[in-house]
Amino acid sequence: MGQSQNSLFLIIILVLVYGVSSTTFTVVNQCSYTVWPGLLSGAGTAPLPTTGFSLNPTETRVIPIPAAWSGRIWARTLCTQDAATGKFTCVTGDCGSSAVECSGSGAAPPATLAEFTLNGAGGLDFYDVSLVDGYNIPMTIVPQGGGDASGVAGNCTVTGCVAELNGPCPAQLKVATTGAEGGVACKSACEAFGTPEYCCSGAFGTPDTCKPSEYSLFFKNACPRAYSYAYDDGTSTFTCAGADYLITFCPSPNPSVKSAKKGGELEPEAVTYSSASSPTISTVFSSGVLAVAFWAVQRVW
């Protein structure tokens, strides 16, 4: 069997395993440093072809997403691998797998999270950027090529947190490490204090009893479209239909902390995919390739 036949056969096998992708996530690193994205599939949803990888500055990776997938994506930072043991660890967002692949484990807080439920109620995708588990890096979600299936205004909205919050993070929430200036992450009040009023638990386990705190308002004022605490749904969850999604770490331009504190809205045109960076495209399998593979499967069977 020739090399081209081998390649086609591999693609066909992956299509049979993962199914034809209806959505593509394009993950872009516009930070000045390497990040290690982690990916976690929700219970009962199909696994992804990767659960973790490295992403150098200006690098991009395209990931096919199975239909009706739910889960989250985040960035791990300040990661190292022990030369003697091979153990891989990260200062922020570590998933505890001791490897680059997260293998079904989630992020240790604090970490900025991109959360998705695809093909949910009414056939819509639901997505948000959450700071409920704290913050470690700026992130945005930009829907691409989608439409509003229900005709309701406001769908397919750009969302995220473009502000750098590790520096101005309140002292009680700040995570610092030796050799890093200004902090490397910012805890949620629940993580920092563990009390019911901040964790929306116990007697504070309803929207009526759990209200924004001075700490959640720090996140909300800086990033009006991101989740700031457990019951922040009304201004933080967005929907789209039939879209692909661009997920950017350290999106450009990155507003100053001063302007972020004013609570300025995140406008779609304010989030750019820097052409100057000329990112390297590292494609797992694009939806176009999967479409060809699906056609090949039909021919074979």
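Fair warning: this is a prediction, and the values are worked out from it, not measured in the lab. All chains use their own residue numbering, which begins from 1 and follows the written sequence. Totals for whole chains, interfaces and linings use all residues, but because this is a predicted model, local features are given only for residues with pLDDT of at least 70 and pairs of side-chain atoms are given and counted only at 80 or more. As a rule here, side-chain values come from all non-hydrogen atoms in the structure, and water together with hydrogens is ignored.

## Here's the deal with the state of the cysteines
The disulfide definition used here is simple: a pair of cysteine sulfur atoms within 2.5 Å. Applying the stated criterion across every chain yields a total of 8 disulfides. Paired by a disulfide, Cys161 and Cys223 hold their sulfur atoms 1.9 Å apart. Here Cys161 is found in strand β9 (residues 159–161), whereas its partner Cys223 is found in the loop between α4 (214–222) and β12 (238–240), with 62 residues between them in sequence. Numbered from the N terminus, helices here are DSSP runs of H or I no shorter than four residues, and strands are runs of E no shorter than two.

## What about the nonpolar core?
Only buried residues count toward a nonpolar core. Its members are Ala, Val, Leu, Ile, Met, Phe, Trp, Tyr and Cys residues joined through side-chain atoms within 4.5 Å. Note on exposure labels: buried denotes an accessible area under 20% of the residue type's maximum, exposed denotes more than 50%, and partly exposed covers the range between, all computed with a 1.4 Å probe on protein chains only. Phe25, Phe116, Leu165, Tyr245 and Phe249 are the most contacted members of the largest nonpolar core, which totals 43 residues. Looking at this core, the element that brings in the most residues is α4, giving 4 residues. Among the nonpolar cores identified, the runner-up in size contains 7 residues, and Leu40, Cys102, Ala107 and Ala111 belong to it.

## Structural notes on the pairing of strand β8 (residues 139–144)
Of all 6 residues in β8, 5 are buried, a share of seventy percent or more. One ladder, built from 3 bridges, connects β8 with β9; its direction is antiparallel. Among the inter-strand pairings, Met139 is bridged to a residue of β9, identified as Cys161. Here 6 bridges tie β8 to strand β13 (residues 244–249), and the two strands are oriented antiparallel to one another. Pairing between strands is defined by DSSP: at least two bridges between the two strands are required.

## Quick word on the packing of aromatic side chains
The rule is short: rings of Phe, Tyr and Trp, with Trp giving its six-membered ring, pair when the centres are within 6.5 Å, and they are stacked under 30 degrees, edge-to-face over 60, tilted in between. Within this structure, the stated rule accounts for 12 aromatic pairs. Relative to Phe116, the ring of Phe25 has its centre 4.5 Å away and its plane inclined at 35 degrees; by these criteria the two rings are tilted. Of this pair, Phe25 sits in strand β1 (residues 23–29) while Phe116 is found in strand β6 (residues 113–117), placing the two residues 91 residues apart along the sequence. Of the two residues examined, Phe25 and Phe116, each falls in the buried class. Where Tyr127 meets Tyr245, the ring centres are 5.4 Å apart and the plane angle is 55 degrees; that geometry is what we call tilted. Here Tyr245 lies in strand β13 and Tyr127 lies in strand β7 (residues 125–130), a separation of 118 residues in the sequence. An identical accessibility class is assigned to Tyr127 and Tyr245; each is buried. We call a charge positioned above a ring when the Lys NZ or Arg CZ atom is no farther than 6 Å from the ring centre and deviates by at most 35 degrees from the ring normal. The ring of Phe53 carries Arg61 above its face, with NZ or CZ at 4.5 Å from the centroid.

## Let's talk about the side chain of Thr112
Counting through the fold element by element, Thr112 comes out in the loop between β5 (88–92) and β6. Classification of Thr112 as buried rests on a relative accessible area of 0%. A distance of 2.9 Å separates a polar atom in the side chain of Thr112 from the backbone oxygen of Ile137. Any pair of residues with heavy atoms lying within 4.5 Å of one another is described as a contacting pair. Ignoring anything within four residues of it in the chain, the contact list for Thr112 reads Ile73, Trp74, Ala75, Val129, Ser130, Leu131, Gly134, Tyr135, Asn136, Ile137 and Met139. Residues adjacent in sequence count toward polar contacts only when both atoms are side-chain atoms; beyond that, a polar contact is any pair of N or O atoms within 3.5 Å, and within protein one must be able to donate a hydrogen and the other to accept it.

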